[in-house]
Each structure stands twice: as structure tokens, then as C-alpha cells.
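Structural overview
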Amino acid sequence: MDALVEIRGARGTQSFRCARGERLLYAGLRAGANLAYGCATGTCGNCKATLLAGSVEPAWNDAPGRRALRKPGEILLCQSTPHSDCVLEARDGSCNHPRELAQSYQGHVSSVDRDEDGLAWVVLKLQRPMRFHAGQFVLVAAPGVQGFRAYSPAHDGADVSRLALVVREKEGGGMSPLLCSGRGMGMPVTVFGPLGTAHVHPAEDRDIAVLAGGSGAGVALSLLDWATASGHLARNRMDIVCGLRTLGSRQVIGRLEAAAEAAPGRVRIVVALSEPSGPEPNEQPGLRFEQGLAHVVASRALPVDEWKRRAVFVAGPAPMVEASLRMLMLTAKLSPTKIRYDSFS
């Protein structure tokens, strides 16, 4: 039997039904509740709540986000399932723009194209289409792997039945080795989403700047695809700094090359290579390569005042995101509230 969940926040009370075994956060988001969260997978602690009545069971006792729990009764909504009807106190979310409600989708791994530097272009075939805003992320679960993992789709989100992800294989990981290898071909997956607040605002955004790295390149590609498909680039500019290890990231680099060629004068892309690049890269108008870390290259890619005129997106591994935020706040003098990023790792 479903549990009735009541969550009290500063803006009032929200109620929804949660199936036994379902995580409280996912049930709430699926029902349209405006709940605060970050990674939605147990690593950040942003969905911390206090249990006032009822009982819950933790889904992952060793979740890194549990370090945020300091008082009796505190739980993570993304790592708790109900044993009974519950009453909780939690922060309200920052949902200020319309977006699709998160739902569960079934599918399978349709194709995998792995690059020599460890990034893979993974396509999931969904049984029904998904819609999302460019910049949002999804959660992926697979049989035999505990919990969900977060990934950013690498394309526009209008009625997508083939979901393309940029995935880096993590040594010792549970999900990424399956997704990045031939062993994962045909594997059934559950996808939950769309999630995240760091997405495009179609009615408001004008010129855009993106600072991405590694698997976060999916966000840059998603924004590029949306801007091209929607006609946004006919009226506005997009500047991208994309950090990659080497020129071996051919899936990402090939798509960045195509975007620069398709929108001359409207798209300017700098690829920051963190390791020696070997042969001279194939530069073209609107696309150049520099050696160095993404946030360092980005600090000189745009004049300081120009960052303030853009909708600014940051995406990538946690260390890269943290370094990029410091650069944007200290060098470009941006307020943290003006930078769009989702914290997951």
C-alpha cells in the first residue's frame, strides 16, 4: 500500500503518495512537489529533511551525502523509502521556470562508441519519448548496480526517444564500466528524469556562455543543439570553453566542429586540452584549441564584463566545477546566483 507523505516547508505543506520501496524524493518530484535537491543520488546532501512522524528506511547507509545529517531525525529524501505514512520538514525547491515533471522511463543500451581517452558516446533507446530543457540531467539505473547515476543528455530535449549521454568510465565504478563497454549492449535500464535547475530559459536567455569539462561536455552539446534547433543562434551568440584531456575525444570534438561550421560568427568554441595534444589540431573559424585546464583557459576567453552579460552555465566533474565557480566569482565578479550548475558527481 502507498504511504501518504506530507512535507512542510517555508511556503506551506505539500502532500503526495509514495509507493513502498520508492524513494521519497522521486515520488515527490513525480507528483510535482517543489523540493530542494542537488545530485538526487545521495552524494551531496542537498535534499536533507527532518522526519517529524512516521518511519522510513535508508536505501544507502554509506551515502556520502549523509555527512550533512547532524541532528536527530534528519534523513536524505533521495535515500529514504517509507515504512508508513510520514510527516517531514524540508526546504522548498528553487523551481521558478516551467519544466516537465520527472517520470520513470524504461529502455535499453542501444549503442556505445568509445573514444581512446575514456569518454564514450552512449545511446539509450527509450520505450516512450522524454522531453527536457537543454542543461537538465537524468538518473540511470541498471540491474545489478545499486542505486542511480546522474548523466547529462547531449542534445535537444524535444520528444526524445534516443537519449545520448557522454560518459567517462570510472575505474572501480559500478555503472560507467557497463555503459562504456560492449558488456552493456542491450542491457535494460530505468531512466528517471528530467532533473536539475541549471537549464536554459527559452523565453529569457539571450547570449550564452558555457564552461564545461569531461562528461559535462554533454551540457555544452545539449545547449548547442537546442540553440540551433530553436533558431536561438539566428539572433544570439554562444561562447563555449570545453575542457577535454586530449584530441582523442573525437565524439565531442567532432560535434563541436560541426556546430562551429554551421553557425559562423554566432558560435565561438575553445577546446582546452589538459594533456599534450600530439598532432596539430584542425582549427577553423569559430573553433580553436589551447593547452591548459578549462577554468584557466576560460578566464582569458571572454572579457570580464562580457561574462556578466551572458547566461552562464558550468558543467563537469566536481573539482572542475569548483575551480570554475571560483574563477567566475573572483575574476569575472559574478554572483553565485547568476551561474547555472547542478552539483552531482
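As shown above, the structure is provided for reference.
Residues numbered from 1 in each chain as written. Predicted model: local features only at pLDDT ≥ 70, side-chain atom pairs only at ≥ 80, totals over all residues. Heavy atoms only, no water.

1. Remarks on the pairing of strand 1 (residues 3-9)
Looking at chain direction, strand 1 and strand 2 (residues 12-18) are connected through 7 bridges and run antiparallel. Residue pairing in the sheet places Val5 in a bridge with Phe16 of strand 2. What sits between the antiparallel neighbours strand 1 and strand 2 is a turn of 2 residues. Sheet topology note: the strand 1/strand 7 (residues 86-90) ladder contains 4 bridges and is parallel. Opposite Arg8, over in strand 7, you have Glu89 as the bridge partner. (Pairing = 2+ DSSP bridges. Helix = DSSP H or I, 4+ residues; strand = E, 2+ residues; numbered from the N terminus.)

2. Concerning the environment of Asp205
On the secondary structure map, Asp205 appears in the loop between strand 13 (188-195) and strand 14 (208-213). Residue Asp205 is classed as buried on the basis of its relative accessible area, which comes to 4%. Taking C-alpha positions, Asp205 is 13 Å from Gly231, a pair spaced 26 residues apart along the chain. Apart from the residues within four sequence positions on either side, Asp205 is in contact with Val200, His232, Ala311, Phe313 and Arg340. Separated by 2.8 Å, the side chain of Asp205 and the backbone nitrogen of His201 make a polar contact. Within the structure, Asp205 has its side chain in polar contact with the side chain of Arg340 (distance 2.8 Å). (Buried < 20%, exposed > 50% of the residue type's maximum accessible area, 1.4 Å probe, protein only. Contact = heavy atoms within 4.5 Å. Polar contact = N/O pair within 3.5 Å; in protein donor to acceptor, adjacent residues only side chain to side chain.)

3. So, unusual backbone geometry
Of note, the bond from Gly193 into Pro194 is cis; its omega dihedral lies within 30 degrees of zero at 5 degrees. Within the secondary structure, Pro194 sits in strand 13. In the Ramachandran plot, Ala40 falls in the positive-phi region, its phi being about 65 degrees despite a non-glycine side chain. Following the sequence through the fold, Ala40 ends up in the loop between helix 1 (24-30) and strand 3 (48-53). Overall, the relative accessible area of 2% leaves Ala40 in the buried class. Look at Asp159: it is not a glycine, yet its phi comes out positive at around 50 degrees.

4. Structural notes on the sheet that holds strand 2
In spatial order, the strands read 2-1-7-3-5; together these 5 strands make up an open sheet with mixed pairing. Single-partner strands in this sheet number two, and they are strand 2 and strand 5 (74-76). Each neighbouring strand pair of the sheet contributes to a mean axis angle of 35 degrees, computed without reference to strand direction. Where strand 3 lies against strand 7, 4 bridges are found, and the strand directions are antiparallel. Across the sheet, the residue bridging to Ala53 is Val87, located in strand 7. (Axes fitted to C-alpha atoms, helices over the stretch in contact; angles between N-to-C directions.)

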